[in-house]
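Spelled out from the first residue to the last, the chains are:
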Amino acid sequence: MCRSSSAVMAPVTTYGIEIIWEKVKIGDMIRIEKVKTMFMKRILGVGKAAPSRLVHELMRETYFVDDIRSQHWLPSTGPYQELVSIRDRKKKEIDLEFYTTSPAGPGSVGARDT
């Protein structure tokens, strides 16, 4: 799914990243993350205010900063470690019910007849 989105987004977002990576701050990384997340929200048809962590879990997608870091062999920096820590904390806040419920669309298990 997001391979096509990465093909469009990555060249623009990563231009010169090897040169500036160690100067990239946590706020910059959060903005970079939002690029892929906004694309994923549009695909799912959810609102902009939908929690990003739920979108990533639902689609089982990697995070854009992680993709960039691994593709360009970038080192782990303080801001990157902080970003990962924030993500881990937010992931732990996801209600376990999220993982056990199924979509209630037409024809799905648990959908009501109207």
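Read on for a plain summary of the structure.

Turning to the overall build of the chain, a few remarks are in order. A tally of regular secondary structure across the chain gives seven helices and zero strands. Reading the secondary structure of the chain in the N-to-C direction produces α-α-α-α-α-α-α. A burial count over the chain gives 26% of its 114 residues as buried. A separation threshold of at least 6 residues defines the contact pool for the chain, and within that pool the share at least 24 residues apart is 65%. Only carbon and sulfur atoms are counted for the fraction: they give 57% of the accessible area of the chain, which is about 8,300 Å².

To continue, consider helix α6 (residues 78-92). End to end, α6 covers 21 Å across 15 residues, agreeing with the expected 21 Å (1.5 Å per residue, within 8%). Residues of α6 that are buried include every one of Y80, L83 and R87, and no others. Down the axis, α6 shows its buried residues gathered within 60° of arc, on one side only. In this structure, the buried side of α6 is in contact with α3 (26-44) and α5 (64-71).

The next thing to look at is unusual backbone geometry. Even without glycine at this site, R60 takes up a positive phi of about 50°. Position of R60 among the secondary structure elements: in the loop between α4 (52-59) and α5. With phi around 55°, W73 is a residue other than glycine that occupies positive phi space. In this fold, W73 is placed in the loop between α5 and α6. For W73, a relative accessible area of 78% puts it in the exposed group.

Cut-offs used in this document
- Residues numbered from 1 in each chain as written.
- Predicted model: local features only at pLDDT ≥ 70, side-chain atom pairs only at ≥ 80, totals over all residues.
- Heavy atoms only, no water.
- Helix = DSSP H or I, 4+ residues; strand = E, 2+ residues; numbered from the N terminus.
- Buried < 20%, exposed > 50% of the residue type's maximum accessible area, 1.4 Å probe, protein only.
- Contact = heavy atoms within 4.5 Å.
- Areas by Shrake-Rupley, 256 points an atom, 1.4 Å probe, with all protein chains shown as cover.
- Expected span 1.5 Å × (residues − 1).
- Arc of directions from axis to C-beta.

Distances and angles like these do not, on their own, reveal function.
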